[in-house]
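# Fold and geometry: a report
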Amino acid sequence: MSRHHRLSRRVGLWSVVAVALLGGTAGAGSAAASSVCARLVRQMRRSPATVLQDLSPQRRAMAPWVTYPVLRLPTTTEAYPRIAALWARPMGSTPPPLTDIEVLPGTGLFVANAILGSADCLNATFFEWHWGSPPRLIDGPRLPLPPCSRDGAWGGLAVVLGRPAYLEFESLHPANSDLATLIAPWTGSGWGRPCRVSIRYTYRYTATLRYCGATPGLCREAHKIAVAVERAYHAWLATDIDDFNPSAGMVQPAFHFGGAMSARGRSLVARARRLGVPKAVASGGGARPAWLRHLSRHGVQYFPVGLRRDRYVGAVDHNEYPMPGSRFFLLQAPRAHSRQLVPLAVFAMQWGANGVKSIRARLVSLP
């Protein structure tokens, strides 16, 4: 399961079967609220092994420092129709479907969630309700944009270091596990200034030969550089990520491997790009291998490769199935009148987090 889907399942679709009562929430002043991310980072830095364990599908994000004692209200409870009616009032005669209503026990905080738009964005409406008084609509936390699951982001109520908060999770890049979490602490009477925790990981790389259509010696030579290709490609995929200073107009640089490209290398790459990665790895009939069916040809990156004093073309592309990684094709150098690229070796390459690179905190800039 991808990190994107695990986060959606963990944060947006909780189904808690027991009520976990919280302690008191009074006394959380603005200074404490603004430092929640800094305190969280200090504790996480003392236990990087625990941070790494959070990537397991069985763990919830940022456990044990962040807990999720959230209840999804059944429609049969007294609270559900009262909150739903208050939520629908400003929506007009045809409100969008209400996905669910969540409550953080012991706080009086309720969130009515709806999924809107083609990007499956979360529209969260906040309420406060204490027994004996009517529910009231309250302002939500001042966060930059609504999270959209198709962008690898989601949100929900949680408890951070023992205090109530609203969290939004953002995947820093679909090609890796790096994560940013926006945290808006609840002070008991309103939302504190949000802050952001960014976690970046170090990664290990492996390459497995899936096809050899050349001499075994050439395939062995290609195998020697495959991990280096994957490491460079993985780093390239993350070059347009700046989790603290994003720039919508930033142009991603072209992928390259092994230094600057010569004129001959540029010519080979241009020919390869025109021909495109072939749909088969050998001439003749036969079933197409399953691992090749999952290759996407829309974002393939081509680059010249020098092996055994000869020139070839490499092609690499990201894939999610069956594991995060990529495919590396060693291709025969196309001639001026070549009609298709000829694969000489194909490698399946995977990556996985094996350590914590950095954990950082920052206050979120508000408009």
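The preceding data block contains the structure.
Scope of this entry: the structure provided in the associated data block. Fair warning: this is a prediction, and the values are worked out from it, not measured in the lab.

### Let's talk about the overall build of the chain
- For the chain, the helix and strand inventory stands at eight helices and 14 strands.
- Taking all 367 residues of the chain together, 47% fall into the buried category.
- Considering only contacts in the chain between residues 6 or more positions apart, those separated by 24 or more positions represent 60%.
- Accessible surface for the chain amounts to roughly 18300 Å². Of this, 54% is attributable to carbon and sulfur atoms.

### Describing the nonpolar core
- Judged by nonpolar contacts, the single largest core of 28 residues is most densely connected at Leu40, Met44, Met62, Val160, Leu167, Ile183 and Val197.
- Looking at this core, the elements with two or more residues in it are α3 (36-45), β7 (153-160), β8 (163-171), β9 (179-185), β10 (195-212) and β14 (343-363).
- When neighbours within four sequence positions are excluded, Met44 is seen to be in contact with Val51, Met62, Trp65, Ile199 and Ile359.

### Things to note about the sheet that holds strand β2 (residues 71-72)
- With respect to topology, five strands assemble into an open sheet ordered β2-β3-β4-β5-β6, the strand pairing being antiparallel. Single-partner strands in this sheet number two, and they are β2 and β6 (136-138).
- Sheet analysis places strand β3 (residues 100-104) next to strand β4 (residues 109-116), joined by five bridges and oriented antiparallel. Along β4, the bridge assignment pairs Val103 with Phe110.

### Looking at unusual backbone geometry
- With an omega dihedral of 0°, the bond running from Ala63 to Pro64 counts as a cis peptide bond.
- By the secondary structure assignment, Pro64 is in the loop between α4 (48-53) and β1 (66-67).
- The backbone phi angle of Arg309 is positive, close to 60°, even though this residue is not glycine.
- Judged by its relative accessible area of 90%, Arg309 is exposed.

### Some words on the environment of Pro95
- In this structure, Pro95 sits in the loop between α5 (79-88) and β3.
- According to the relative accessible area criterion, Pro95 is partly exposed, its value standing at 34%.
- Not counting chain neighbours up to four residues away, the residues in contact with Pro95 comprise Trp87 and Ala88.

### Here's the deal with the sheet that holds strand β13 (residues 325-332)
- With antiparallel pairing, the nine strands of this open sheet are ordered in space as β1-β7-β8-β9-β10-β14-β13-β12-β11. Taken across any chain shown, the strands that pair with only one partner, and hence form the sheet edges, are β1 and β11 (301-307).
- Pairing analysis gives eight bridges linking strand β12 (residues 310-319) to β13, with the strands arranged antiparallel. Following the sheet pairing, Asp317 is matched in β13 by Arg327.
- Its contacts with the sheet put helix α6 (residues 216-237) on β10, β11, β12, β13 and β14, and the angle it makes with β10 is roughly 165°.

### Side note on the state of the cysteines
- For the coordinates displayed, the defined rule picks out three disulfides.
- Between the sulfur of Cys37 and that of Cys195 lies a disulfide, 2.0 Å long from S to S. Across the S-S bond linking Cys37 and Cys195, the dihedral sits near 80°, which makes this disulfide right-handed. With Cys37 in helix α3 and Cys195 in strand β10, this pair connects stretches of sequence that are 158 residues apart. Per residue, the accessibility class of Cys37 equals that of Cys195, and both read buried.
- Here the cysteine-cysteine linkages of the chain are recorded as 1-4, 2-3, 5-6, numbering only bonded cysteines and doing so in sequence order.

### A look at the pairing of β14
- In terms of strand pairing, β10 meets β14 through 17 bridges, oriented antiparallel. Bridge pairing in β14 places Val197 opposite Ala361.
- Pairing of β13 with β14 involves seven bridges; the strand directions are antiparallel. Residue pairing in the sheet places Gly325 in a bridge with Gln350 of β14.

About the criteria used
Each residue is numbered by its place in its chain's sequence as written, counting from 1. Selection of residues for local features in this predicted model requires a pLDDT of at least 70, selection of side-chain atom pairs for listing and counting requires 80 or more, and totals for whole chains, interfaces and linings are taken over all residues. As a rule here, side-chain values come from all non-hydrogen atoms in the structure, and water together with hydrogens is ignored. Strands here are runs of E lasting at least two residues and helices are runs of H or I lasting at least four, both read from the DSSP assignment and numbered beginning at the N terminus. In this scheme, a residue with accessible area under 20% of its type's maximum is buried, one over 50% is exposed, and one in between is partly exposed, where area comes from a 1.4 Å probe on protein chains only. Contacts are assigned to residue pairs that have any heavy atoms within 4.5 Å of one another. For accessible areas, the Shrake-Rupley method is used with a probe of radius 1.4 Å. Any residue's cover is judged against the shown protein chains and nothing else. Grouping buried Ala, Val, Leu, Ile, Met, Phe, Trp, Tyr and Cys residues that are joined through side-chain atoms within 4.5 Å yields what is termed a nonpolar core. Strands qualify as paired when DSSP identifies two bridges or more between them. To define axes, lines are fitted to C-alpha atoms, for helices over the stretch in contact only, and angles between the resulting N-to-C directions are given on a 0 to 180 degree scale. Defined by distance alone, a disulfide is two cysteine sulfur atoms within 2.5 Å.

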